[in-house]
Amino acid sequence: MPRKVHVQTTINGEAAEYLCEPRQSVLEVLRDVLHLTGAKEGCNNGNCGACSVILDGRLVNSCLVLGAELEGKSLETIEGLAEPDQLHPIQDAFLENAALQCGICTPGFIMAAKALLDQNPNPTEHEIRYWLAGNLCRCTGYDKIVRAVQDAAQTTS
């Protein structure tokens, strides 16, 4: 049995530490060790974006990053967006635009939208579609998601 790695990191603005196996992905650590189940496992090979999180300000697929790589870094997950009594404006926009159906891809899309709006608070429709190209959805047809990001841009800027 491999020796576990001790990791100290920041998750959703709070100090965190955990033990993980050297080959365990961030997605596995989030879900199985830290019990943060917002990031979803869709493909487990980086193709669907359901597990998208923000690592040191950069959007990543958590299934492709090793848990041990979080040492000293900062991670944002869907669980860190809302306040206890208020949704984040991006989450509100997804609800208002009915930009979700089954919900598997939704956390990844929301995190991708947040990463985009953090870098570009007023993206064009083309920029939104380009940015979200790494996230797949089988249910909504993408137009509602794009409208939700456009609306969120209006409320967060």
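For the structure itself, look to the data block above.
Residues numbered from 1 in each chain as written. Predicted model: local features only at pLDDT ≥ 70, side-chain atom pairs only at ≥ 80, totals over all residues. Heavy atoms only, no water.

Q: Teacher, can you tell me more about the overall build of the chain here?
A: The number of helices and strands found in the chain is five helices and five strands. What you see in the chain, going N to C, is helices and strands ordered as β-β-α-β-β-β-α-α-α-α. Computed over its C-alpha atoms, the radius of gyration of the chain comes to 15 Å, within 12% of the 15 Å expected for a compact globule of 157 residues. Overall size of the chain, expressed as C-alpha extent along the three principal axes, is 50 × 30 × 25 Å. Among the 157 residues that make up the chain, the fraction classed as buried is 42%. Within the chain, contacts between residues at least 6 apart in sequence are counted, and of these 54% link residues at least 24 apart. (Helix = DSSP H or I, 4+ residues; strand = E, 2+ residues; numbered from the N terminus. Rg over C-alpha atoms; globule rule 2.2 N^0.38 Å. Buried < 20%, exposed > 50% of the residue type's maximum accessible area, 1.4 Å probe, protein only. Contact = heavy atoms within 4.5 Å.)

Q: Got a minute to help me understand the pattern of salt bridges in this structure?
A: For side chains bearing opposite charge, pairing can occur when the charged atoms are close. The full count for this structure, using the stated rule, is four salt bridges. Between Arg129 and Glu125 there is a salt bridge, and its shortest N-O distance comes to 2.9 Å. One end of the pair, Arg129, and the other, Glu125, are both in helix 4 (residues 125–131), four residues apart, so they sit about a helical turn from each other. By relative accessible area, Glu125 is classed as partly exposed at 40%. In the salt-bridge network here, residues are joined through shared partners; they are Glu76, Lys114 and Asp118. (Salt bridge = Lys/Arg side-chain N within 4 Å of Asp/Glu carboxyl O.)

Q: Sorry, what's going on with the nonpolar core here?
A: What tends to happen in soluble globular proteins is that the nonpolar side chains get buried as a cluster. Residues Ile90, Phe94, Phe109, Leu132, Ile145 and Val149 are the most contacted members of the largest nonpolar core, which totals 25 residues. For this core, the elements supplying multiple residues, two or more each, are helix 2 (89–96), helix 3 (106–119) and helix 5 (143–156). Core analysis: the second largest hydrophobic core is formed by 18 residues, Tyr18, Cys20, Val29 and Leu55 among them. (Core = buried A, V, L, I, M, F, W, Y, C linked by side-chain atoms within 4.5 Å.)

Q: I would appreciate a short explanation of unusual backbone geometry in the present structure.
A: Negative phi characterises most residues that are not glycine, and trans characterises most peptide bonds. A positive phi is found at Asn44, a non-glycine position, where the angle reads about 60°. For Asn44, the position within the fold is in the loop between helix 1 (26–33) and strand 3 (52–55). Its identity as a non-glycine residue notwithstanding, Asp56 has a phi of 50°, on the positive side. Looking at the secondary structure, you find Asp56 in the loop between strand 3 and strand 4 (58–61).

Q: Sorry, what's going on with the environment of Leu27 here?
A: Mapped onto the elements, Leu27 comes out in helix 1. Among the residues examined, Leu27 registers a relative accessible area of 2% and is labelled buried. Taking the C-alpha atoms as reference, Leu27 lies 18 Å from Gly13; in sequence the two are 14 residues apart. Once residues within four sequence positions are removed from consideration, Leu27 is found in contact with Ala39, Lys40, Glu41, Asn44, Cys51, Ser62 and Cys63.

Q: Honestly, the layout of surface pockets in this entry has me stumped. Any pointers?
A: The probe, sized like a water molecule, is rolled over the atoms to show the empty space still left. For the largest pocket, the calculated volume is near 200 Å³. Contributing to the lining of the largest pocket are Gly42, Cys48, Ala50, Cys102, Ile104, Cys105, Leu136, Cys137, Arg138 and Cys139. By residue class, the composition of the lining of the largest pocket is eight nonpolar, one polar and one charged. (1 Å grid on protein atoms, 1.4 Å probe; cavity = no way out; pocket = protein on both sides within 12 Å on 5 of 7 lines; lining within 4 Å. Points joined across faces, edges and corners; volume = space filled by probe spheres on them. Nonpolar A, V, L, I, M, F, W, Y, C, P; charged D, E, K, R; others polar.)

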